Amino acid sequence: MNKNLDKDAWIKLGAQINENRQKCINKAKKWKFDTVATHGLYDLNQALSLNNGSIMEPVYLSPAQAYTNSAEMEAALSYQMPTWCYSRIANPSTFFLEETAALLETYGSDIEASCNATSSGMSAIRTATDPFLVDDPNFPNPNIVTSSQVYGGTFQQFWIRRHKEQGIDVRWVKNPMDIDEWKSKIDENSRFLYGEFPSNPAVSIFDIEKIAKLAHEFQIPLIVDSTCASPALTRPLVHGADIVVHSASKVMGGSGTSIAGLIIARKNLISKIGSDEMRADFAIWGKLWPFRDNGPALSPMSAIMILNDIRSLRMRIAQMSDSTMKLAKFLETHPKINKVYYPGLKSFPNHNLAKKYMRLVDSDENKYGYMLAIEIKEKTPNGHINTHKFYDKLDMAWRATDLGRVKTVATLNAISTHQQQGEEGRALSAIKPSTCRISCGIENSDDIIADIAQALDAI
Ligand SMILES: *Cc1c(COP(=O)(O)O)cnc(C)c1O
């Protein structure tokens, strides 16, 4: 502690801290995925200097950071040296999660990215998209071009909050595999392209590389919600996307203790909207400015909970994917099932594209994630009697609106996640009354299949 340091000295000290941090990043960039997930940037040096040598990252519940003298405070609050300052802006515990997430989303590439953790997946989507929708006289009447096969909350945020309340034109791409449909909806007032990979709950996919290229032809970014894949399977930034958003409440935080979101953005992203500072480091710029002013900060406790779960992400994804594949095969030939949607099945319309994009990291194995959707045979096209009978009979699998959990969860989307968007909206998202989404947990697959089988027997 040196109360005599002046502002320049603090700035110099800050530069040194940044240099050391970059060294840690460079070291972590050489590690394998599981090692990055386990250690991130928290090393012996940090443990000794910050945390009495504790081998696990500290939970800093403190709201604010104290400064040695006025010169340090001035340097820190003008963002001229690293600081966390106040937990609505940043927090050291949250920082460990953010650094790890940025490293995992860029794993296996030399892409530089940073991350901003938010209070929920929905706030991540809001925080990631707001800066592209600001007034710009050069491009009046902003519009969003987005896959229509998105999570119910995202549909509501875009359609009700953005379109109906704010008058922003939202253009739905009904078949995200169709490049021409995307093209036909983009014009010079389009601000970004948006898609889910794979989508919740229809598990539809799109060609990330082609859509990123298309976005860049129009000088706009591609934003991908990669919640249902996770970086253990698919890393959209590596395929050209500019920003990835996650609901870390799902598989990233698989044991189910927290609601959280993540925005991971490549540095120097493409956007004709916004300032040079914004493009240079979107996630950190967002954190220091609009996020600070809007306030969707993540609790440091939740940040550490999510970080703890991320350490086992790859292992969980491997086992959950294997179980889901077994369940998909069982259901595909089941007489009471109309259709199974799972990217791993040969019958999946875009199975070859799924093969290209979905691979267990650090392996040669294609794996396709933990989520499948089924349509149960009904007597009438819009019937749901058998579907509800099956659903009510589930014994071990939870009836809940959740996914990516260590416990198997089944969801009837038409009456839950996608209830509020109405019949027309559900048709856009390819959701029928007989659609049931199943998210396989880490239980033994025999027990998962047995539970689903006995519930089907009850129809
Ligand atoms: C759950 C979910 C969200 C919203 O995340 P919250 O953490 O619940 O706010 C966004 N996108 C997808 C794909 C989701 O499954």
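The structure presented is a predicted model; accordingly, all values stated were derived computationally and were not measured.

Peer 1: I'm lost on the overall build of the protein in this one. Help?
Peer 2: Per the secondary structure count, the protein includes 18 helices and 12 strands. Radius of gyration (C-alpha) of the protein: 23 Å, near the 23 Å computed for a compact globule of 459 residues. With respect to the principal axes defined by its C-alpha atoms, the protein has extents near 80 × 55 × 35 Å. Looking at the protein as a whole, 57% of its 459 residues qualify as buried. Within the protein, contacts between residues separated by at least 24 positions form 72% of all contacts whose residues are at least 6 apart in sequence. Accessible surface for the protein amounts to roughly 19400 Å². Of this, 51% is attributable to carbon and sulfur atoms. Computed over 51 positive and 51 negative side-chain charges, the separation of the two mean positions in the protein equals 3 Å.

Peer 1: Help me out: how do you make sense of the site of the ligand in this one?
Peer 2: If you check the shell around the ligand, you find 14 residues, and the closest are G121, D225, S247, S249 and K250. In the environment of the ligand, an oxygen atom lies 2.8 Å from a nitrogen or oxygen atom belonging to the backbone of G121. Between the ligand and the protein, one listed contact pairs an oxygen atom with a side-chain N or O atom of S249 at 2.5 Å. In isolation the ligand offers 380 Å² of accessible surface; the protein chains occlude 94% of this area. If one sorts the elements of the shell around the ligand by residue count, helix α6 (residues 121–129) sits on top with three residues. Split into classes, the residues belonging to the shell around the ligand amount to five nonpolar, six polar and three charged.

Peer 1: Honestly, the sheet that holds strand β8 (residues 337–341) in this entry has me stumped. Any pointers?
Peer 2: Strands belonging to one sheet form pairs held by backbone hydrogen bonds; the direction of such a pair is parallel or antiparallel. An order of β8-β9-β12-β11-β10 is seen for the five strands of this open sheet, with the pairing classed as mixed. Every other strand in the sheet has two partners, leaving β8 and β10 (398–399) as the edge strands with one partner each. The pairing of β8 with strand β9 (residues 371–376) spans four bridges and is antiparallel. Within β9, the residue paired with K339 across the bridge is E375. Along the sheet face, helix α14 (residues 313–332) touches β8, β9 and β12 (435–439) and points at about 15 degrees away from the line of β9. Sheet contacts for helix α16 (residues 385–393): β9, β10, β11 (409–412) and β12; angle to β11, the most-contacted strand, approximately 155 degrees.

Peer 1: What should I look at first to understand helix α9 (residues 208–217) in this one?
Peer 2: An α-helical turn contains 3.6 residues, so a residue and the one three or four places further along point in the same direction. Three or more residues of α9 are buried, namely I208, I211, A212, L214 and A215. Down the axis of α9, the smallest arc covering the buried residues is 160 degrees, so these residues share one side. Exposed side of α9, more than 90 degrees from the buried face: K213 and E217 are the residues found there. Contact partners of the buried residues in α9: α8 (179–185), β4 (190–196), β5 (222–225) and α15 (351–357). Note on α9: the residue one or two positions beyond its end, Q219, has a positive phi of about 60 degrees.

Peer 1: Mind showing me how you'd approach the environment of E375 here?
Peer 2: Residue position: E375 is located in strand β9. Expressed as a C-alpha distance, the spacing of E375 and C436, which sit 61 residues apart in the sequence, is 6.4 Å. Filtering out sequence-adjacent residues up to four positions away, E375 remains in contact with I337, N338, K339, Y341, K432, S434 and T435. At a separation of 3.4 Å, a polar atom in the side chain of E375 contacts the side chain of K432.

Peer 1: What's the story with the pattern of salt bridges in this structure? I'm lost.
Peer 2: Opposite charge on two side chains makes pairing possible when the charged atoms of those side chains draw close. Within this structure, the stated rule accounts for 20 salt bridges. We note a salt bridge from K432 to E375, for which the minimum N-O separation is 3.4 Å. Note that K432 is positioned in the loop between α17 (422–428) and β12 and E375 in strand β9, a separation of 57 residues in sequence. Judged by its relative accessible area of 38%, K432 is partly exposed. Of the charged contacts in the structure, one is a salt bridge between D402 and R405, with a shortest N-O distance of 2.7 Å. The network of salt bridges with shared partners includes R126, D130 and R162.

Reading the values: rules and limits
Residues numbered from 1 in each chain as written. Predicted model: local features only at pLDDT ≥ 70, side-chain atom pairs only at ≥ 80, totals over all residues. Heavy atoms only, no water. Helix = DSSP H or I, 4+ residues; strand = E, 2+ residues; numbered from the N terminus. Rg over C-alpha atoms; globule rule 2.2 N^0.38 Å. Buried < 20%, exposed > 50% of the residue type's maximum accessible area, 1.4 Å probe, protein only. Contact = heavy atoms within 4.5 Å. Areas by Shrake-Rupley, 256 points an atom, 1.4 Å probe, with all protein chains shown as cover. Lys, Arg positive; Asp, Glu negative; His and termini not counted. Charge placed at Lys NZ, Arg CZ, Asp CG, Glu CD. Near = heavy atom within 4 Å. Polar contact = N/O pair within 3.5 Å; in protein donor to acceptor, adjacent residues only side chain to side chain. Nonpolar A, V, L, I, M, F, W, Y, C, P; charged D, E, K, R; others polar. Pairing = 2+ DSSP bridges. Axes fitted to C-alpha atoms, helices over the stretch in contact; angles between N-to-C directions. Arc of directions from axis to C-beta. Salt bridge = Lys/Arg side-chain N within 4 Å of Asp/Glu carboxyl O.

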